[in-house]
Each structure stands twice: as C-alpha cells, then as structure tokens.
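So the chains spell out like this:
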Amino acid sequence: MKKDWHNADIIASLRKKGTTLAALSRASGLSSSTLANALVRPWPKGEWLVASAIGIHPSEIWPSRYYEKSGKLIKSRGMTDKTILK
C-alpha cells in the first residue's frame, strides 16, 4: 500500500495551486487553523477540502485513511465523490 503524503508535500501542493491551508480554511467558512486538523487526524470534510483544492481524491493523499492494510476500500469514510463541497 502507498504511504500517506508528508504534511510538507500537502502544504507545497496547495502553494503550487496558489493557496494555503489558512486561506482555504477561511474560504470554506472555517477558522484559519481548522484545516490543519486534517493533516494530523482523520476528518473527511477537511480531507475533501484539501484534496479538492489540489485537484485529486483524498485517498491519494491519505491512503491509510481510505484503504485497509489488505488494500480493501474502507466504505464508512463519510463523504463520497458525489458530495458537493460548499
């Protein structure tokens, strides 16, 4: 199984897209430090906000949160591809 991205890689990817975690948090109606929680603990909404800003599925950033060690998809992860983020 792939490893989760390093936090610095996530932050760098956001910077390459012209944003930061703090700016993305504020644009989502959250406190500026709230999305940092997605870096250290599972939080489906935050993971989707970060991944959407980068342009990928959150399971690419955090495979350990979306797949069992056997490689089987974890189905109870809250939000899905069909979820529309506002």
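Scroll up a little and you will see the structure.
The sections below set out a description of the structure shown in this document.

Conventions adopted
Residues numbered from 1 in each chain as written. Predicted model: local features only at pLDDT ≥ 70, side-chain atom pairs only at ≥ 80, totals over all residues. Heavy atoms only, no water. Helix = DSSP H or I, 4+ residues; strand = E, 2+ residues; numbered from the N terminus. Contact = heavy atoms within 4.5 Å. Areas by Shrake-Rupley, 256 points an atom, 1.4 Å probe, with all protein chains shown as cover. Buried < 20%, exposed > 50% of the residue type's maximum accessible area, 1.4 Å probe, protein only. Arc of directions from axis to C-beta. Core = buried A, V, L, I, M, F, W, Y, C linked by side-chain atoms within 4.5 Å.

1. A closer look at the overall build of the protein chain
Inference 1: Secondary structure summary: the protein chain contains 6 helices and 0 strands in total.
Inference 2: Overall, the protein chain shows an N-to-C arrangement of helices and strands of α-α-α-α-α-α.
Inference 3: Considering only intrachain contacts with a sequence separation of at least 6, the fraction spanning at least 24 residues in the protein chain is 46%.
Inference 4: When the accessible surface of the protein chain is summed, it comes to about 5600 Å², and 53% of that surface belongs to carbon and sulfur atoms.

2. Regarding the side chain of Thr19
Inference 1: When you line up the elements, Thr19 lands in the loop between α1 (7–16) and α2 (21–27).
Inference 2: For Thr19, a relative accessible area of 18% translates into the label buried.

3. Things to note about α1
Inference 1: Within the sequence span of α1, burial applies to Ile10, Ser13 and Leu14. Take α1 and look down its axis: the buried residues cluster within an arc of 100 degrees, on one side only. In α1, the exposed positions that point more than 90 degrees away from the buried face belong to Arg15 and Lys16.
Inference 2: For α1, the elements touching its buried residues are α2, α3 (37–40), α4 (44–54) and α5 (58–61).
Inference 3: Gly18, located one to two residues past α1, shows a positive phi value of around 85 degrees.

4. Concerning α4
Inference 1: Within α4, 8 of the 11 residues are buried, leaving the element largely enclosed by the surrounding structure.
Inference 2: Listed as buried for α4 are Pro44, Gly46, Glu47, Trp48, Leu49, Val50, Ala51 and Ile54.
Inference 3: Residues of α4 that are buried in the fold lie against α1, α2, α3, α5 and α6 (63–66).
Inference 4: Positive phi appears at Gly55, one or two residues downstream of α4, with a value of about 100 degrees.

5. Quick notes on the nonpolar core
Inference 1: Counting 12 residues, the largest nonpolar core is built from Ile10, Leu14, Leu21, Leu24, Leu35, Leu39, Leu49, Val50, Ala51, Ile54, Ile61 and Trp62.
Inference 2: A total of 4 residues in this core trace back to one element, the largest contributor, which is α4.
Inference 3: Dropping the residues within four chain positions of it, Leu14 is found in contact with Thr19, Thr20, Leu21, Leu24, Val50, Ala53 and Ile54.

6. Some details on the environment of Lys17
Inference 1: Its place among the elements puts Lys17 in the loop between α1 and α2.
Inference 2: Spatially, the C-alpha atoms of Lys17 and Gly55 are 9.0 Å apart, while their sequence positions differ by 38 residues.
Inference 3: Setting aside its immediate chain neighbours within four residues, Lys17 contacts Ala53 and Ile54.

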